[in-house]
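Commentary on secondary and tertiary structure
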Amino acid sequence: MHRELQKIIETPGPNRLDRTFPGTLTDIFPRKQPLEIEIGSGKAKFLLHRAELLPERNFVGIDYIWKYIKIGWQRAQKRGLGNLLLFKAEATEIVGHLIPDESVSVFHIYFPDPWHKRKHHKRRLLTAEFFKLLSQRLIPGGLLEISTDNFEYLIALKSALVEAGDDLWSRKLETKNRRIMNPEFATNFEMKYQVEGRDLYYLELQK
Ligand SMILES: C[S@@+](CC[C@H](N)C(=O)[O-])C[C@H]1O[C@@H](n2cnc3c(N)ncnc32)[C@H](O)[C@@H]1O
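So, how was this worked out
- Residues numbered from 1 in each chain as written.
- Predicted model: local features only at pLDDT ≥ 70, side-chain atom pairs only at ≥ 80, totals over all residues.
- Helix = DSSP H or I, 4+ residues; strand = E, 2+ residues; numbered from the N terminus.
- Buried ≥ 20, exposed ≤ 12 C-beta atoms within 10 Å, placed from the backbone.
- Contact = placed C-beta atoms within 7 Å.
- Near = placed C-beta within 6 Å.
- Nonpolar A, V, L, I, M, F, W, Y, C, P; charged D, E, K, R; others polar.
- Axes fitted to C-alpha atoms, helices over the stretch in contact; angles between N-to-C directions.
- Left-handed = near helix turned anticlockwise from the far one by under 90°.
- pLDDT = per-residue confidence, 0-100.
- Pairing = 2+ DSSP bridges.
- Right-handed = clockwise from strand over helix to strand, strands pointing away.

Let us now look at the overall build of the protein chain. Scanning the protein chain from terminus to terminus reveals seven helices and seven strands. Listing each helix as α and each strand as β along the protein chain from the N terminus yields α-β-α-β-α-β-α-β-α-β-α-β-α-β. Taking all 207 residues of the protein chain together, 36% fall into the buried category. In the protein chain, of all internal contacts separated by at least 6 residues, the share reaching a separation of at least 24 is 76%.

All right, on to the site of the ligand then. Taken together, the neighbourhood of the ligand is formed by 19 residues, with G40, G42, A91, T187 and F189 sitting nearest. When residues of the shell around the ligand are traced back to their parent elements, those giving at least two are β2 (58-63), α4 (91-97) and α7 (188-196). Looking at the shell around the ligand element by element, the count peaks at three residues for α7. When its residues are assigned to classes, the shell around the ligand shows nine nonpolar, six polar and four charged.

With that settled, the discussion passes to the packing of helix α5 (residues 128-137) against helix α6 (residues 151-164). It is at 8 Å that the axes of α5 and α6 come closest, and there the two elements cross at 65°. Classified by chirality, the crossing of α6 by α5 is right-handed. When α5 is examined against α6, the residues A128, F131 and K132 are found in contact with a partner set consisting of A160, L161, E163 and A164.

Looking at the protein chain as a whole, the pLDDT averages 87, with 89% of positions reaching at least 70. Every residue in residues 16-20 scores below 50 in pLDDT, and together they form four contacts with partners more than four places removed in sequence or on other chains.

Bringing the sheet that holds strand β1 (residues 35-39) into the picture now. Either a parallel or an antiparallel arrangement is found when strands of a sheet pair, and the pairing is made through backbone hydrogen bonds. A sheet is described by the order of its strands in space; here seven strands give the open sequence β3-β2-β1-β4-β5-β7-β6, paired in mixed fashion. The open sheet is flanked by β3 (84-88) and β6 (171-176), the only strands paired with a single partner. Adjacent strand axes in the sheet meet at a mean angle of 15° when their direction is disregarded. As judged from the six bridges shared by strand β4 (residues 104-110) and strand β5 (residues 138-148), these two strands associate in the parallel manner. The residue of β5 that forms the bridge with F107 is L144.

Below, the discussion takes up the pairing of β5. The buried fraction of β5 amounts to eight of the 11 residues, a majority that puts the element mostly inside the structure. Each parallel crossover has a hand, and for β4 linked through α5 to β5 it is right-handed. The pairing of β5 with strand β7 (residues 201-206) spans six bridges and is antiparallel. Within β7, the position partnered with I146 by the bridge is L203.

With that settled, the discussion passes to unusual backbone geometry. The phi dihedral of A44 is positive, around 70°, even though this residue is not glycine. Structurally, A44 can be placed in the loop between β1 and α2 (45-53). In this structure A44 comes out as buried when scored by C-beta crowding, with 26 C-beta atoms within 10 Å. For E102, which is not glycine, the phi dihedral falls at a positive 50°. Note on placement: E102 falls in the loop between α4 and β4. By C-beta crowding, E102 is classed as exposed, having 12 other C-beta atoms within 10 Å.

Below, the discussion takes up the pairing of β3. In terms of residue burial, β3 counts as a mostly covered element, since five of its five residues are buried. Burial of β3 is two-sided: the residues L84, L86 and K88 facing one way and the residues L85 and F87 facing the other way are all buried. Note: β2 against β3, five bridges, orientation parallel. Opposite F59, over in β3, you have L84 as the bridge partner. Since β2 and β3 lie parallel, the crossover through helix α3 (residues 66-78) that links them has a hand, and here it is right-handed.

Here you go:
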């Protein structure tokens, strides 16, 4: 078994996989359907809503904070959502090792931690390398949805996109204070920031 998958299985939590499970994250759903992944899903407000709305799709949420995963998972159980799985894990490990190329329809990354201090910038998720990896994992025509409230991080991630190469994407869309996908609902942080009156920036990249 893949070492990274073994680690996830051993993580105490709601989504224990069978110990003999040989595959990747795309094999764990009973129904083969288009896959959407949210990175840094928090308490999974967005995914719970979307999984309920779209039973003909599979959803995975990844967050490294166990408390959030547990809350999201309890809510998913209450709603009987068989098409949503939540994993406590480091997102780069899952995307790096457990997802085949050209297998993901949509990646959602909403309000990734901006790591304000300069000396912490290296912890930022959205680097040129990670953009290349995300594009590799997307199916042709697949989407990467991003939002941030931090203008400086927006500029930095746009320059990471340039560094990663323009040829990764067939189309780019950018909006301010208007969510692109599912404009009818918001994530937890989005709601909080809207109440505070912050400017919010959205990007949609299509492979
Ligand atoms: C600012 S919160 C946003 C949560 C949610 N997307 C929202 O909009 O309400 C960022 C979340 O990403 C998670 N996170 C940040 N970096 C991560 C990583 N490398 N792997 C897994 N989770 C990560 C944090 O634990 C946190 O829950």
